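Coordinate analysis (summary)
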Amino acid sequence: MPVLELRNISKHFGAIQAVNDVSLTIEPGEVVGLMGDNGAGKSTLVKMIAGNFNPTSGQILIDGQEVSLSHPVDARRNGVEIVYQDLALCNNLTAAENVFLGRELRRGVGPLSILDYNGMYKRAGELFADLKSETRPRDLIKQMSGGQRQAVAIARTMLSKAKVVLMDEPTAAISVRQVAEVLNHIKHLRDQGVAIVLISHRMPDVFTIGDRVIVLRRGRKVADKRIKDSSPEEVTGLITGAIEQV
Amino acid sequence: MSITLEQTIAKQESTWVRRILKSQTFWVVVAIIVACPFLSWLSSAFLTDKTLFNITRTFTFVAIIALGMTFVIITGGIDLSVGSVLCLASMTLAVTMNAGYSLEIGVLVGLATGVAVGLFNGVLIAFLGFPPFVVTLGMLSIARSLAMVVSNNTVVFQFGPDHQRLLFLGGGSTFGIANPVFYMIVLALLTGFVLRWTRFGRHVIAIGGNEHAATLTGIPVRGVKVAVYVICSVAAAIAGIVQTGWLGSVTTNIGAGMELQVIAAAVIGGASLVGGAGTAIGALVGSALLEIIRNSLGLLGINAFWQGTFIGGAIIIAVAFERVQQLRTKD
């Protein structure tokens with residue numbers, strides 16, 4: 001059963017048709033590259049899954065159940081997590097504090113409970129080990145490399161046992177050397193059975209770790225192919241419109 | 001290559017010593033420790049009971065408000081209204097007790113004044129998106145004017161049936177410690193605890209670090225921001241209530257210009273005006289250093305007109321330190 005299914009999703013902003021009748025399914029443990037030019041509707045589509053926008057029409061199903069995601073909190077409650085392009089990290093806090101931001105561990109009873117720093121450091125360390133990332137839970141974010149910051153943002157999604165993780169341009173802002181590190185993090189996340197939607201401009205990323213590629217153009221889905229049946233040239237053609245549809 | 005991933009993750013980069021050496025608060029403490037013998041050598045009047053008594057007295061009130069201001073500054077905000085709020089809370093307390101009500105009711109009225117002002121500031125800033133500077137600058141004027149309205153611009157020195165209890169509240173001592181100092185220590189411990197050991201404290205610090213990120217991770221950013229302005233105004237009200245008991249009278253010019261000392265104290269103690277950093281102990285040592293500087297200027301025979309220059313200069317120097325550190329971490 002697909003973990004995430006969209007059925008005939010559309011979104012209008014006034015007269016503008018941002019997303020038009022898009023249907024897709026994603027299985028657990030699958031990495032799907034979502035590609036398209038600027039303005040193709042990628043962000044709008046992702047924002048509907050993340051609970052930022054309500055679709056004008058269509059249905060969103062998670063684990064076969066129709067859900068209404070009218071707020072980011074609803075999405076999170078249904079197991080959808082997002083890694084934002086800017087990562088949404090606080091530079092002045094430690095890696096562990098960022099992982100647990102908004103969901104801090106506490107010990108003690110009721111109003112007398114205090115933050116459980118040791119518990120948070122320990123759990124964050126385990127998550128970084130799962131990601132095979134050399135990230136120290138007690139280090140401040142401002143001392144970290146781009147790859148380590150990505151690990152922190154990804155570890156945050158693992159905390160809640162997410163079913164679907166949406167990643168917005170995870171390799172856009174980091175050095176070439178660290179791209180491999182981030183792609184490895186994504187693989188380790190996938191190995192835990194998480195479905196990953198990878199929004200990316202970078203063809204090599206999608207072709208390295210993707211199982212499938214979905215191409216949007218002018219709000220419509222123009223391709224949904226297995227990576228091994230496609231090629232970067234074909235996808236480029238689909239993005240630009242040189243190839244109409246496959 | 002014999003180091004495993006687990007060992008790398010478990011490794012701790014910064015030791016205690018290094019962290020302490022890097023903190024601004026530590027160097028301010030060093031400055032105080034160095035300054036005291038030097039000043040007592042320069043002026044025989046410095047290490048006398050009377051001078052120390054004077055210093056603790058004035059510094060306590062600044063420190064109590066600086067604790068509240070630290071919350072606001074950590075979120076990246078500023079509260080310019082504290083001096084006027086101190087005055088307004090003192091005046092509502094004084095007028096209430098003067099009308100024959102008990103100390104308890106008077107204190108409640110004073111604290112409620114602080115809560116009301118804080119809510120007004122906080123809601124305008126957090127929910128309507130007003131710049132903190134503008135809102136609290138407006139409140140600086142409003143609160144002092146209201147204090148004049150409430151008291152008809154008179155001096156209140158009769159506090160009704162509980163007159164003596166109010167004087168003890170501000171001027172007495174508990175377990176051998178002057179009451180204001182006692183309150184300051186309790187409030188500092190409370191502030192330190194909240195900042196370090198509660199979710200609320202972490203959220204305050206997170207908002208100062210990256211407000212957008214804090215919103216995305218589901219922290220109730222607006223609620224936290226309203227809360228910090230309420231905390232700051234209540235701290236000003238507490239200082240006002242205690243100071244009323246200490247002085248035994250209230251005029252409509254108490255607390256005038258105090259906002260600058262409070263902000264300077266917090267910043268000297270290591271609170272960052274761009275947000276994201278600040279501690280309770282920093283607020284205390286910042287207030288102490290500021291007061292020692294002020295007091296020693298007088299003892300050293302330097303004209304009192306120079307005080308403002310030194311306080312203003314201290315703020316600018318503290319911010320300069322911060323800038324240097326920022327530039328260094330950028331490289």
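Up top is the structure.
First, a word on what this report is: a plain description of the structure on this page. (Residues numbered from 1 in each chain as written. Chains lettered and ligands numbered in written order. Predicted model: local features only at pLDDT ≥ 70, side-chain atom pairs only at ≥ 80, totals over all residues.)

Description of the sheet that holds strand β9 (residues 164–168) of chain A
All names here are of chain A. To be explicit about the condition: What makes two strands pair is DSSP finding at least two bridges between them. Here a strand is any run of E in DSSP of at least two residues, a helix any run of H or I of at least four, and the numbering for each starts at the N terminus. Angles shown run from 0 to 180 degrees and are taken between the N-to-C directions of axes, each axis being a line fitted to C-alpha atoms and, for helices, limited to the stretch in contact. Throughout, a residue-residue contact means that the two C-beta atoms, derived from backbone geometry, are no farther apart than 7 Å.
Read across the open sheet, the six strands follow the order β6-β9-β10-β3-β11-β12; overall the sheet is mixed. The outermost strands of the open sheet, each flanked by one partner alone, are β6 (80–83) and β12 (220–226). On average, each strand axis in the sheet is inclined to that of its neighbour by 20 degrees, with strand direction left out of account. With four bridges connecting them, strand β3 (residues 31–35) and strand β10 (residues 195–199) associate as parallel partners. Pairing of valine 31 across the sheet is with isoleucine 196, part of β10. Taken strand by strand, helix α6 (residues 176–191) contacts β3, β9 and β10, and its axis lies near 150 degrees from that of β10.

Points about the environment of A:Glu81
Residues and elements named next belong to chain A. Looking at the element boundaries, glutamate 81 is found in strand β6. Separated by 79 residues in the primary sequence, glutamate 81 and proline 2 have C-alpha atoms spaced 17 Å apart. Residues in contact with glutamate 81, not counting those within four places in the same chain, are Arg76, Thr157, Ser160, Ala162 and Val165.

Focus: the interface of chain A and chain B
Defined as follows: Under the scheme applied, nonpolar residues are Ala, Val, Leu, Ile, Met, Phe, Trp, Tyr, Cys and Pro; charged residues are Asp, Glu, Lys and Arg; polar residues are all the others, including Gly.
At the junction of the two partners, chain A supplies 24 residues and chain B supplies 26 residues. When the residues that make up the side of chain A that touches chain B are grouped by side-chain class, the tally is 11 nonpolar, five polar and eight charged.

So, the pairing of β10(A)
Residues and elements named next belong to chain A. Quick note on the threshold: Comment: burial labels come from other C-beta atoms within 10 Å of the residue's own C-beta, placed from the backbone, where a count of 20 or more is buried, 12 or fewer is exposed, and between is partly exposed. With its strands directed away from the observer, a crossover is right-handed exactly when the path from the first strand over the helix to the second travels clockwise.
Most of β10 is tucked away, with five of its five residues classed as buried. Here β10 shows two buried faces, one formed by Ala195, Val197 and Ile199 and the other by Ile196 and Leu198. Relative to β10, β9 runs parallel, the two sharing five bridges. Bridging from a neighbouring strand, valine 164 pairs with alanine 195 of β10. In terms of handedness, the path from β9 via α6 over to β10 forms a crossover that is right-handed.

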